[in-house]
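# Structural features, examined
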Amino acid sequence: GEATGGATGHLVGEPNQGLHCMFIMMNELRFQVGLGGVGPALAGYLYSLQYARQRTQGRSPLCRDPSTPMVPIIEHSDVKRMLLLQKAYVEGALGLCMYTAGVIDALATTADAAARSDKLLLLELLTPVVKAWPSEWCLEANKWAMQVLGGYGYTQDFPLEQLYRDARPNMIYEGTSGVQALD
């Protein structure tokens with residue numbers, strides 16, 4: 001650096017503590033990646049729910065009379081299944097993120113050393129889970145959102161295909177899920 005006029009490095013934190021400082025930053029980012037997976041999945045769920053309530057197709061299995069009006073697809077059991085899967089994945093991921101945020105807050109505000117140690121151990125356990133589970137299963141929720149819309153789900157008339165593409169890299173941000181759990 002100095003001999004060539006290039007970049008200059010600066011010590012961040014105490015000597016020999018760089019790896020520790022780096023993991024503080026990385027673990028915060030891992031939490032953010034997990035939480036970042038929830039938003040697109042929730043949006044996808046809400047779009048597919050709205051579509052399922054409005055789109056009519058077929059008739060009730062209890063009424064095959066062709067003169068009866070078609071029913072919204074939300075009344076079909078397979079569409080209900082896909083919507084419930086999305087809702088379960090989104091709400092589960094959000095609950096996990098909120099619980100972890102509560103642990104982070106408690107860790108920052110707890111004065112008792114033993115309680116802080118317990119919270120830190122819990123946070124070390126939750127961090128890889130909160131990164132991996134939402135980033136993987138919220139993407140799965142977006143897959144089901146597109147499926148509810150059928151071929152229409154992969155058009156630009158609805159943002160579902162964009163939400164899916166935007167959420168896909170979450171699984172590899174801040175380390176692949178299985179490898180980063182080794183940290």
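All of these numbers come straight from a predicted model, not from anything done at the bench. (Residues numbered from 1 in each chain as written. Predicted model: local features only at pLDDT ≥ 70, side-chain atom pairs only at ≥ 80, totals over all residues. Heavy atoms only, no water.)

### Notes on the overall build of the protein
Threshold: Labels follow the DSSP assignment, with helices taken as runs of H or I lasting at least four residues and strands as runs of E lasting at least two, numbered in each case from the N terminus. Burial here depends on accessible area, computed with a 1.4 Å probe over protein chains only, as a share of the maximum for the residue type. Under 20% is buried, over 50% is exposed, and the range in between is partly exposed. Contact criterion: two residues are considered in contact whenever any of their non-hydrogen atoms come within 4.5 Å of each other. Methods summary: accessible areas were calculated by the Shrake-Rupley approach with a probe of 1.4 Å, and residue burial reflects only the protein chains presented.
When you go through the protein residue by residue, the secondary structure sums to 5 helices and 0 strands. Moving toward the C terminus, one meets the helices and strands of the protein in the order α-α-α-α-α. C-alpha atoms of the protein, sized along the principal axes, occupy 80 × 50 × 25 Å. The proportion of buried residues among the 183 residues of the protein is 32%. Here the contacts in the protein between residues at least 6 apart in sequence split such that 65% fall between residues at least 24 apart. Taken as a whole, the protein presents about 11200 Å² of accessible surface, with 60% of it coming from carbon and sulfur.

### Considering the pattern of salt bridges
Cut-off, in case you're wondering: One side-chain nitrogen of Lys or Arg within 4 Å of one carboxyl oxygen of Asp or Glu is enough to make a salt bridge.
The final tally for this structure, using the stated rule, is 4 salt bridges. Notably, a salt bridge pairs Lys 143 with Glu 140, separated by 2.8 Å at the nearest N-O pair. In this pair, Lys 143 and Glu 140 both sit in helix α3 (residues 113–148), 3 residues apart, roughly one turn of the helix. Looking at Lys 143, the relative accessible area reads 33%, which means it is partly exposed. On the accessibility criterion, Glu 140 (23% relative accessible area) is partly exposed.

### Section: a nonpolar patch on the surface
Note the following rule: Exposure above 30% relative accessible area and the lack of any salt bridge qualify a residue for a patch; like charges then connect within 9 Å, and the nonpolar side chains Val, Leu, Ile, Met, Phe, Trp and Tyr within 5 Å.
A surface patch of nonpolar side chains, amounting to about 290 Å² of accessible area, comprises Leu 19, Met 22 and Met 25. Among the secondary structure elements, Met 25 is positioned in helix α1 (residues 18–54). The class for Met 25 is partly exposed, based on a relative accessible area of 44%.

### Comments concerning the packing of α1 against helix α4 (residues 160–167)
So the rule is basically this: For every element, the axis is a line fit to its C-alpha atoms; helices are fit only across the contacting stretch, and the angle between N-to-C directions ranges from 0 to 180 degrees. Angular relationships are summarised with four words: roughly parallel below 35 degrees, roughly antiparallel beyond 145, roughly perpendicular across 65 to 115, and oblique for the angles in between. Helix crossings are classified by the rotation of the near helix relative to the far one: an anticlockwise turn of less than a right angle makes the crossing left-handed, while a clockwise turn makes it right-handed. Gly falls in the polar group here, along with every residue not listed as nonpolar (Ala, Val, Leu, Ile, Met, Phe, Trp, Tyr, Cys, Pro) or charged (Asp, Glu, Lys, Arg).
One can describe the packing of α1 onto α4 by two numbers: an axis separation of 10 Å at closest approach and a directional angle of 160°. In terms of orientation, α1 lies roughly antiparallel with respect to α4. Crossing of α1 against α4: the hand is left-handed. For the pair α1 and α4, contact is made by Pro 40, Ala 43, Gly 44 and Tyr 47 and by Leu 160, Leu 163 and Ala 167, respectively. Residues of the contact of α1 with α4, tallied by class, amount to 6 nonpolar, 1 polar and no charged.

### As for the packing of aromatic side chains
Put simply, the rule is: Paired rings are identified among Phe, Tyr and Trp, the last through its six-membered ring, by centres lying within 6.5 Å, and are further divided according to the angle between planes into stacked (under 30 degrees), edge-to-face (over 60) and tilted (the rest).
Across all of its chains, the model carries 7 aromatic pairs by this definition. With 5.1 Å between their ring centres and 85° between their planes, Tyr 152 and Phe 158 make a pair best called edge-to-face. Judged by relative accessible area, Tyr 152 falls into the partly exposed class, the value being 34%. Feature note: the residues Tyr 47, Tyr 51, Tyr 152 and Phe 158 constitute an aromatic cluster, connected by ring pairs.

### Structural notes on the nonpolar core
Defined as follows: The definition of a nonpolar core used throughout is a set of buried Ala, Val, Leu, Ile, Met, Phe, Trp, Tyr and Cys residues joined through side-chain atoms within 4.5 Å.
Counting residues in hydrophobic clusters, the biggest one holds 31 residues, and the most contacted among them are Val 79, Leu 83, Val 148 and Leu 160. Of all the secondary structure elements, the ones that give two or more residues to this core are α1, α2 (77–109), α3 and α4. Per element, the largest residue contribution to this core is 10 residues, and it comes from α2. Once you skip the residues sitting within four places of it in the chain, Val 148 turns out to touch Ser 48, Tyr 51, Ala 52, Ile 73, Val 79, Met 82, Leu 83 and Gln 86.

### Things to note about the environment of Pro 66
Mapped onto the fold, Pro 66 is located in the loop between α1 and α2. For the pair Pro 66 and Ala 41, spaced 25 residues apart in sequence, the C-alpha to C-alpha distance is 36 Å.

### Considerations on the packing of α1 against α2
Between two packed helices, what matters for the description is the angle formed by their axes and the separation of those axes. Running from N to C, α1 and α2 cross one another at 150°; their axes reach a closest spacing of 9 Å. Taken together, α1 and α2 sit at an angle that is classed as roughly antiparallel. For α1 against α2, the interelement crossing comes out left-handed. Each of Phe 31, Gly 34, Leu 35, Val 38, Ala 41, Leu 42, Gly 44, Tyr 45, Ser 48, Leu 49 and Ala 52 in α1 lies in contact with α2, whose residues at this interface are Val 79, Leu 83, Gln 86, Lys 87, Val 90, Ala 93, Leu 94, Cys 97, Thr 100, Ala 101 and Ile 104. For the contact of α1 with α2, the class distribution of residues is 16 nonpolar, 5 polar and 1 charged.

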